[in-house]
Amino acid sequence: MRRLIPLTAALLAAMLGFWFTLNWIPGFIMTRAMEQLENGGAATNAATHAPPVTEASRNVVRPSPDILYSICPFDLSNGPLLIQARWPRSGGYASISLYDSRTNNIFTLSDRDAGRAPAIWLDRPGADAVPDGAISVSSPTQTGLVLFRQIVEDPSMIAAADAERRSFRCDAQ
């Protein structure tokens, strides 16, 4: 019986730690990321286009100079979001990834997977009206992030690729 109490306490502590890791930490990480984006000038439900990465860039630990990023923090409390972009013509690779408020990837589409320029209708589960031709995506959470990435294989094409990726938009509906 003497060993049962410490064993039970250890098991309870392990279960609590497991729950804490799975349920609290992802939300905390995304909340901090959203705060940093807002402090950096990113508006909710609007695309923000980060400048091309240089050797002086340090927004991330090891930035990649051949990737252009655009980000759109979203909040679906006032309605759905229409996400649009043109796939690049300057070569390389592009993708749109959606993340919920717990850092889970809920949808990804690349220019290799989609034959046409995407229109993504992001809404809460159970939404009715979806525009013709749009891909319907339901977010399990009210807030999150949309990330547009474009890889530029030829450094001389950075300016052209930067102009192309600025077609990425997030518009509240």
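Residues numbered from 1 in each chain as written. Predicted model: local features only at pLDDT ≥ 70, side-chain atom pairs only at ≥ 80, totals over all residues. Heavy atoms only, no water.

A. A look at the overall build of the protein. Within the protein, the regular secondary structure consists of 3 helices and 9 strands. The order of helices and strands in the protein, counted from the N terminus, is α-α-β-β-β-β-β-β-β-β-α-β. The C-alpha radius of gyration computed for the protein amounts to 20 Å, which surpasses the reference 16 Å derived for 173 residues by more than 25%, pointing to a less compact arrangement than a globule. Projected onto its principal axes, the C-alpha coordinates of the protein cover approximately 70 × 45 × 30 Å. (Helix = DSSP H or I, 4+ residues; strand = E, 2+ residues; numbered from the N terminus. Rg over C-alpha atoms; globule rule 2.2 N^0.38 Å.)

B. Highlighting the sheet that holds strand β4 (residues 93-100). With antiparallel pairing, 5 strands are arranged side by side in an open sheet as β1-β2-β8-β4-β5. Strands at the two margins of the open sheet, each flanked by one partner only, are β1 (48-49) and β5 (105-110). Of the pairings in the sheet, the one linking β4 to strand β8 (residues 143-151) comprises 8 bridges and is antiparallel in character. Following the sheet pairing, D100 is matched in β8 by G144. (Pairing = 2+ DSSP bridges.)

C. Highlighting the sheet that holds strand β9 (residues 169-172). If you trace the 4 strands from one edge of the open sheet to the other, you get β7-β6-β3-β9, paired in mixed fashion. A strand with exactly one partner marks an edge of an open sheet, and here the two such strands are β7 (135-138) and β9. With direction set aside, neighbouring strand axes in the sheet form an average angle of 25 degrees. By the bridge criterion, 4 bridges tie strand β3 (residues 81-84) to strand β6 (residues 119-123) in an arrangement that is antiparallel. Its bridge partner lying in β6, Q84 is registered against A119. (Axes fitted to C-alpha atoms, helices over the stretch in contact; angles between N-to-C directions.)

D. Region of interest: unusual backbone geometry. The backbone phi angle of T103 is positive, close to 75 degrees, even though this residue is not glycine. You can see T103 is positioned in the loop between β4 and β5.

E. Looking closely at the pattern of salt bridges. Enumeration according to the criterion identifies 4 salt bridges in this entry. For R112, the salt bridge identified is with D111, shortest N-O distance 3.0 Å. With a relative accessible area of 53%, R112 lands in the exposed category. Ionic pairing is found between D171 and R169, a salt bridge with its closest N-O pair at 2.9 Å. Taken together, the salt bridges that share partners define one network made up of D162, R165 and R166. (Salt bridge = Lys/Arg side-chain N within 4 Å of Asp/Glu carboxyl O. Buried < 20%, exposed > 50% of the residue type's maximum accessible area, 1.4 Å probe, protein only.)

F. View of the packing of aromatic side chains. Counting across every chain of the model gives 1 aromatic pair. Between F148 and F168, the aromatic rings sit 5.3 Å apart at their centres with planes inclined by 20 degrees, giving stacked as the arrangement. Here the residue F148 occupies a position in strand β8, and F168 occupies one in the loop between α3 (158-165) and β9, the gap between them amounting to 20 residues. Since its relative accessible area comes to 1%, F168 is described here as buried. (Phe/Tyr/Trp six-rings, centres within 6.5 Å; stacked < 30°, edge-to-face > 60°.)

G. Quick peek at the environment of E38. Inspection of the secondary structure puts E38 in helix α2 (residues 25-39). Judged by relative accessible area, which is 47%, E38 ranks as partly exposed. Separated by 132 residues in the primary sequence, E38 and C170 place their C-alpha atoms 16 Å from one another.

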